[in-house]
Amino acid sequence: MVAGLSHPNIVQIFDLGQIDKSYFIAMEYVHGRDLRTILKRAKEKEQRPPLDLALRVASGLCAALEFAHRKKDDRGRAMEIVHRDVSPQNILISFEGDVKLTDFGIAKATTKASSTDRGALRGKLLYMSPEQAWGKGLDRRSDLFSLGLVLYEMIADEKPFLAGNDGTEMTILEKVRQCQIAAPRSQNPRIPESLDRLVMKALQKDPDERFQDAAEMGRAL
């Protein structure tokens, strides 16, 4: 379904196949680092990504999501692709400055699989929309909420659902469901008020009060 997504801000899938009993996906190689690693390194150096670079990353992701969300099949029918796992580990930044979103559609399968990786669920919870945490139906606006969380983290150096939290999966899940988020300016007063409003619009609990598509959020950025 997503192998046909060809866009400068999406990691290209070249081939799918099976060798003996193992399946494989051959993908574009991005020579760089994932955003989670970059943010971790910045924190170690007690730095934040410059605002203009954070906005550039977010704009590239908006372009990727807008393309995927509007993708139609060969018969012209909307494919209604929802990424479901827009998070720093799925955002790759090349050493040349390319911004690429990866793992489209894979999150849908992995959420149904049992995982023994301690902390895997916790990591996903930190970037979930309230409707995703409630197990409700998802549309493109859920991806925009997750993108808002990523942008918040880049500019405020804080994971919104982890702030003032004991960090257990149940307390994070409850915080996500209630959508309890402090404005990013409360974490970093240097954030412009216009950007603060933009992020909080993306992070509204009611999907109808968010940006309605990625192009709208991209224009606002």
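For the structure, see preceding data.
Residues numbered from 1 in each chain as written. Predicted model: local features only at pLDDT ≥ 70, side-chain atom pairs only at ≥ 80, totals over all residues. Heavy atoms only, no water.

> I'm lost on helix H1 (residues 35-44) in this one. Help?
Owing to its 3.6 residues per turn, the α-helix brings residues three or four apart onto one side. Within the span of H1, buried status applies to Leu 35, Leu 39 and Ala 42. Seen end-on, H1 carries its buried residues on one side only, within an arc spanning 60 degrees. Across from the buried face of H1, at angles greater than 90 degrees, the exposed residues are Lys 40 and Glu 44. Those residues of H1 that are buried are in contact with strand E3 (32-34), strand E4 (91-94) and helix H6 (140-156). Of the residues that open H1, the one with a side-chain oxygen 3.1 Å from the backbone nitrogen of Arg 36 is Asp 34. Among the residues trailing H1, Glu 46 stands out with phi positive, at a value near 55 degrees. (Buried < 20%, exposed > 50% of the residue type's maximum accessible area, 1.4 Å probe, protein only. Helix = DSSP H or I, 4+ residues; strand = E, 2+ residues; numbered from the N terminus. Arc of directions from axis to C-beta. Contact = heavy atoms within 4.5 Å. Polar contact = N/O pair within 3.5 Å; in protein donor to acceptor, adjacent residues only side chain to side chain.)

> Quick question: what am I supposed to make of the pattern of salt bridges here?
Any two side chains of opposite charge can pair, on the condition that their charged atoms come close. For the coordinates displayed, the defined rule picks out 12 salt bridges. Salt-bridge contacts for Glu 44 lead to Arg 41; the nearest nitrogen and oxygen are separated by 3.8 Å. Of the two residues, Glu 44 and Arg 41 are both situated in helix H1; the distance of 3 residues between them amounts to about one turn of the helix. Salt-bridge contacts for Arg 141 lead to Asp 139; the nearest nitrogen and oxygen are separated by 2.8 Å. On the accessibility criterion, Asp 139 (29% relative accessible area) is partly exposed. (Salt bridge = Lys/Arg side-chain N within 4 Å of Asp/Glu carboxyl O.)

> Is there a simple way to think about helix H8 (residues 193-202) in this case?
Those residues of H8 that sit buried are Leu 195, Asp 196, Leu 198, Val 199, Met 200 and Ala 202. If you follow the buried residues of H8, they end up packed against helix H2 (51-69), H6 and helix H9 (214-220).

> Could you clarify how one ought to interpret the pairing of strand E1 (residues 13-19) in this entry?
Two faces make up the sheet, and in a regular strand the side chains alternate between them. Sheet analysis places E1 next to strand E2 (residues 22-27), joined by 6 bridges and oriented antiparallel. Among the inter-strand pairings, Ile 13 is bridged to a residue of E2, identified as Met 27. The turn joining E1 and E2, which pair antiparallel and follow one another in sequence, is formed by 2 residues; a positive phi near 55 degrees is taken by Asp 20. (Pairing = 2+ DSSP bridges.)

> Just checking my understanding: could you explain the packing of H6 against H8 for this structure?
Between two packed helices, the angle of one axis relative to the other and the distance separating the axes together describe the packing. Here H6 crosses H8 at 145 degrees, and the two axes come no closer than 8 Å. Relative to H8, the crossing made by H6 is left-handed. Residues Leu 144, Phe 145, Gly 148, Leu 151, Tyr 152 and Ile 155 of H6 touch H8, and the partners they reach there are Leu 195, Leu 198, Val 199 and Ala 202. When the residues that make up the contact of H6 with H8 are grouped by side-chain class, the tally is 9 nonpolar, 1 polar and no charged. (Axes fitted to C-alpha atoms, helices over the stretch in contact; angles between N-to-C directions. Left-handed = near helix turned anticlockwise from the far one by under 90°. Nonpolar A, V, L, I, M, F, W, Y, C, P; charged D, E, K, R; others polar.)

> Sorry, what's going on with the pairing of E4 here?
Every second residue of E4 is oriented toward a common face, with Ile 91 and Ile 93 on one face and Leu 92 and Ser 94 on the other, all of them buried. Two strands pair when backbone bridges link them, and E3 and E4 are joined in this way by 3 bridges, in the antiparallel orientation. Bridging across to E4, Gly 32 finds its partner in Ser 94. By the bridge criterion, 3 bridges tie E4 to strand E5 (residues 99-101) in an arrangement that is antiparallel. Residue pairing in the sheet places Leu 92 in a bridge with Lys 100 of E5. In sequence, E4 turns back onto E5 through a hairpin of 4 residues, with Gly 97 there showing a positive phi of about 100 degrees.

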